[in-house]
Amino acid sequence: MRLLTHNLLSSHVRGVGPRGFPLRLQATEVRINPVEFNPDFIVRMIPKVEWAALLEAADTLHLIQVPKEPIQGYEHNEEFLRKMHHVLLEVEVLEGTLQCPESGRLFPISRGIPNMLLSDEETET
Amino acid sequence: MDSKHQSNYKLSKTEKKLLRKQIKARHTLLRHEGIETVSYATQSLIVANGGLGNQVSRNQLLPVLEKCGLVDALLMPPNKPYSCVRYNTVEESKKAYDTLNGKEIVDDLGQKIILYLNFVEKAQWKELGLQTLPPGLKVIEEIISPEDEKMLLESVNWTEDTDNQNFQKSLKHRRVKHFGYEFHYESNNVDKDKALPGGLPDICESMLEKWLKEGFIKHKPDQLTINQYEPGHGIPAHIDTHSAFEDEIVSLSLGSEIVMDFKHPDGMTVPVMLPRRSLLVMAGESRYLWTHGITPRKFDTVQASKGHKSGIITSDVEDLTLNKRGIRTSFTFRKVKQTPCNCSYPLVCDSQMKEAPASFPESDKEALQLEQDYVHRVYEEIARHFSSTRHTPWPHIVEFLKALPSGSLVADIGCGNGKYLGINKELYMIGCDHSQNLVDICRERQYQAFVCDALAVPIRSGSCDACISIAVIHHFATAERRVAALQELVRLLRPGGKALIYVWAMEQEYNKKKSKYLRENRTSQGMKEEISNDTSVQELLVKELPNVGRQDSAHSVSSINDFQDGGCNSRNVANSKLPIHTNRTSFHSQDLLVPWHFKGNPGKDKRVESLGSLGSHDPSPVFHRYYHVFCEGELEAACQTLSNISILQSYYDQGNWCVILQKV
């Protein structure tokens, strides 16, 4: 699970709604996977990222310092773009957990795959 | 082109014919096997029509090839109508190419074969990876002496008169005799109330006591079936009925060795050599979940180096050869089970599947249970096989994905094996599916995927530029749940975002054209399947005789007009049973169960009406998947119940109803 993916995931436990985001990340195994740098792609991604969630996740994984918000004129700042490329696409959480911030429910991540299946009682109808 | 001839030299008629055949072999290899031949000389050659799959053995082909030079390696993949030879030098390879093209040899059945050679870049095959025996399987070699083997074989009286209740039946393919209890082939079960007089033969009793004491078997059997297989005989792949017999099933092989195939529902096949005088012990998973069978043929593909030792037949194509079968007699000992089966493999268990047959759901709770039993559990079991039949992306879906702007965030809800996750590298695609096993396959392909329910997708609202839902919503058992699934898709979209939805159509013939599902008769459930090895003579790669046209069997197909009059029958009688569909025919009900057969079984395209309970007619396992097939306009109407969307496109594509919608 890459951090860009984590940025999209939200808890669906019943009654939680938007307070189910972001999921608290805890990783026991992380791998760095080199990915070809595509600056245009990163430029387009930046506005779609929920920045606070990304900061929190990057911090938990003790990654390189992520700026508090996108730098002014980031579209042309290669250093910034490369940093974001690394954080969003090259860090893979292989083992760990995701926790619903509202209900505390834990979802396991195993072999890079989060299992977000809820039991019938927990599902929102 | 033949290197001997100048470009201005006129080719004779036979030379032209040879060239044509050679080119045909080239095309067939590429099209069906993915093997690319090259026009320049290399050390390696593909020998079309010279393969184990068309009855040419190693010791026939090798001397022929060695006449042209030093052979580095001869690779003979099992069941293929070609081999690959690598010579020590290019010159020797060229000599083979020049002299052996069009050469006539004789195969193991005495038939004339013509070889066609083409150069290839490399002579290697992907290793299938280490195989292990199915869990619970053991082969104990030399468990009896040759003297005992002789004695046992002579003790079988095949010509006893038929009033004797130790039934001698002559089945189409082999001779059988039963002791202890009679086995009924129509029901694949024993009559537990009617024990046969005499029990098991005395010689067997002492042998079984010995095996018990020595720990080879754990339980004392009370039923014996003696099978005699002549070369060419076999037994279709099956699981011994769970409720009929206890866990341990043992089989003693006499007279000749044989290769028995074990298949797992996910498609994995393990061929196991059973030597003479060996005892096969099947317990646990190998007894309850894997099918076992013997292909009806006169030769088995075996490992040249291992001879007649037991074990898995490797996929090492450098070591394979053919072994002629002899008459094999098996003594299969089983213990009759007096209580219902309670194993851990419910999907293939007749006791556990005998619960109320699937019926049209009356409530959300029943719908959930139906989906659990007839969608989720089945996909988990068949994931790998299912994945192997889902490899060609559909063009319109590819078109949709490729038209999305670079940098779009796209979710594939119900992504299956991840078929669409890598189509457009300019997108950031994440996939999710209910099946852990299918998501594992996505992961193997390095895609971003997770496990979840399509009615509760854990993605934040309004975050996706696009979503796709391909062949998913038709698995939901009520109209409310289907709409709820659509609602989830729309929730994920940002304003202006698009969703593409595909569902199976009730109408499998549209505008007088039959869908691929109806047309594809030879290969079932998908595109290329390996040529079944149930036929005893494999097809040649390049035929000498004119091709006899393939015949499509006639199917009754209802056209779209049938439905326009009555409208789609969406009324379902309360508590009505869900009908079981016959594959490759048109649908007669909107809610139904569609069979999925274990890979490689014959008869899956034929009209086998399985009566809902396992093992009644077809001894090989069938999984049923629940579907609600959609009528024309039904998907559109369902989408239109959602307030915040507009439908951009609505069309029919190869047996599916499709909608592209946009969130406003």
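As a reminder, the structure under discussion sits directly above these lines.
Before going into details, it helps to say that this report is about the structure given with it.

Calculation rules
Residues numbered from 1 in each chain as written. Chains lettered and ligands numbered in written order. Predicted model: local features only at pLDDT ≥ 70, side-chain atom pairs only at ≥ 80, totals over all residues. Heavy atoms only, no water. Helix = DSSP H or I, 4+ residues; strand = E, 2+ residues; numbered from the N terminus. Buried < 20%, exposed > 50% of the residue type's maximum accessible area, 1.4 Å probe, protein only. Contact = heavy atoms within 4.5 Å. Areas by Shrake-Rupley, 256 points an atom, 1.4 Å probe, with all protein chains shown as cover. Buried area = accessible area lost by both parts, 1.4 Å probe. Salt bridge = Lys/Arg side-chain N within 4 Å of Asp/Glu carboxyl O. Polar contact = N/O pair within 3.5 Å; in protein donor to acceptor, adjacent residues only side chain to side chain. Lys, Arg positive; Asp, Glu negative; His and termini not counted. Arc of directions from axis to C-beta. Pairing = 2+ DSSP bridges. Axes fitted to C-alpha atoms, helices over the stretch in contact; angles between N-to-C directions.

**Description of the overall build of chain A**
When its secondary structure is counted, chain A shows four helices and four strands. Along chain A, helices and strands appear, N-terminal first, in the series α-β-α-α-α-β-β-β. Looking at the 125 residues of chain A, the share that counts as buried comes to 48%. Restricting the contact set of chain A to residue pairs at least 6 apart, pairs at least 24 apart contribute 68%. When the accessible area of chain A is evaluated, it comes to approximately 6,300 Å², of which 49% is carbon and sulfur surface.

**Focus on the interface of chain B and chain A**
Taken residue by residue, the interface counts 29 residues in chain B and 30 residues in chain A. Summing the contributions of chain B and of chain A, the shared interface buries around 2,600 Å²; its carbon and sulfur component is 57%. In terms of surface lost to chain A, no three residues of chain B exceed Tyr428(B), Arg443(B) and Arg460(B), which account for 28% of the buried area on that side. Applying the counting criterion to the chain B and chain A interface returns four salt bridges. Summed over the shared surface of chain B and chain A, the number is 16 residue pairs in polar contact (both at pLDDT 80 or more).

**Quick word on the side chain of Asp453(B)**
Of note, Asp453(B) is situated in the loop between β26 (448–451) and β27 (464–470). Here Asp453(B) sits buried without a salt bridge, and the closest side chain of opposite charge, Arg481(B), lies 5.4 Å off (N-O distance). Reaching out from Asp453(B), the side chain makes a polar contact with the backbone nitrogen of Leu455(B) at a distance of 2.9 Å. Those residues within four positions of Asp453(B) in sequence are excluded, and the remaining contacts are Leu117(A) and His434(B).

**A few points about helix α2 (residues 58–66) of chain B**
Because the α-helix completes a turn every 3.6 residues, residues three or four places apart line up on one side. Residue and element names in this part refer to chain B. Taken as a whole, α2 has its buried residues at Arg58, Leu61, Val64 and Leu65. Mapping the buried residues of α2 onto a view down its axis gives an arc of 140°, with all of them on the same face. Next to the buried residues of α2 lie β2 (44–48), β3 (71–75), β4 (82–87), α3 (90–100), β5 (104–106) and β22 (320–324).

**A few points about unusual backbone geometry**
Residue Pro22(A) is reached from Phe21(A) by a cis peptide bond, and omega for that bond is 0°. Positionally, Pro22(A) belongs in the loop between α1 (3–6) and β1 (24–32). For Arg111(A), which is not a glycine, the phi torsion comes out positive at approximately 55°. With respect to the helices, strands and loops of the structure, Arg111(A) is situated in the loop between β3 (106–110) and β4 (113–114). Since its relative accessible area comes to 45%, Arg111(A) is described here as partly exposed. Positive phi outside glycine occurs at Gln654(B), with the angle close to 45°. On the basis of relative accessible area, Gln654(B) is assigned to the partly exposed category, the value being 34%.

**Some points on helix α8 (residues 395–402) of chain B**
Residues and elements named next belong to chain B. All of the buried residues along α8 are Ile397, Val398, Phe400 and Leu401. Along the axis of α8, the buried residues cluster in a sector spanning 160°; they form a single face. Away from the buried face of α8 by more than 90 degrees, exposed residues Pro395, Glu399 and Lys402 are located. Here the buried face of α8 lies against β24 (409–413), β25 (428–433), β27, β28 (493–504) and β34 (656–663).

**Observations regarding the pattern of salt bridges**
Residues and elements named next belong to chain B. If you walk through the whole model with that rule in mind, you get 25 salt bridges over all chains. Two residues, aspartate 191 and lysine 194, come together in a salt bridge whose shortest N-O distance is 3.6 Å. Of the charged contacts in the structure, one is a salt bridge between aspartate 240 and arginine 334, with a shortest N-O distance of 2.8 Å. In this pair, aspartate 240 is assigned in the loop between β14 (235–238) and β15 (249–254) and arginine 334 in strand β23 (residues 328–334), connecting sequence segments 94 residues apart. In this structure aspartate 240 comes out as buried when scored by relative accessible area, which is 6%. Classification of arginine 334 as buried rests on a relative accessible area of 7%.

**Observations concerning the sheet that holds β28(B)**
All names here are of chain B. Taken in spatial order, the seven strands line up as β26-β25-β24-β27-β28-β34-β33 in an open sheet, and their pairing is mixed. Each of the sheet's edge strands pairs with one partner strand only, and the pair in question is β26 and β33 (645–653). Ignoring which end each strand starts from, the neighbouring axes of this sheet average 15° apart. Direction of pairing for β28 relative to β34: antiparallel, over a ladder of seven bridges. In the sheet register, lysine 498 faces β34, and the bridge partner there is glutamine 662. Against the sheet, helix α10 (residues 479–492) makes contact with β24, β27, β28, β33 and β34, and its axis sits at roughly 150° relative to β28, the strand it touches most.

**Digging into the sheet that holds β3(A)**
Residue and element names in this part refer to chain A. Spatially, β1-β2-β3-β4 is the arrangement adopted by the four strands of the open sheet, whose pairing is antiparallel. For this open sheet the edge positions go to β1 and β4, each flanked by a neighbour on one side alone. With eight bridges joining them, β1 and strand β2 (residues 91–99) adopt antiparallel strand pairing. Residue pairing for β2: arginine 24 is matched across the bridge by glutamine 99.

**A few points about the pairing of β33(B)**
Residues and elements named next belong to chain B. When β33 meets β34, the two strands line up antiparallel, connected through eight bridges. Residue pairing across strands places glutamine 649 opposite isoleucine 660, the latter belonging to β34. Once β33 ends, the chain turns through two residues before running back antiparallel as β34, passing glutamine 654 with a positive phi of about 45°.

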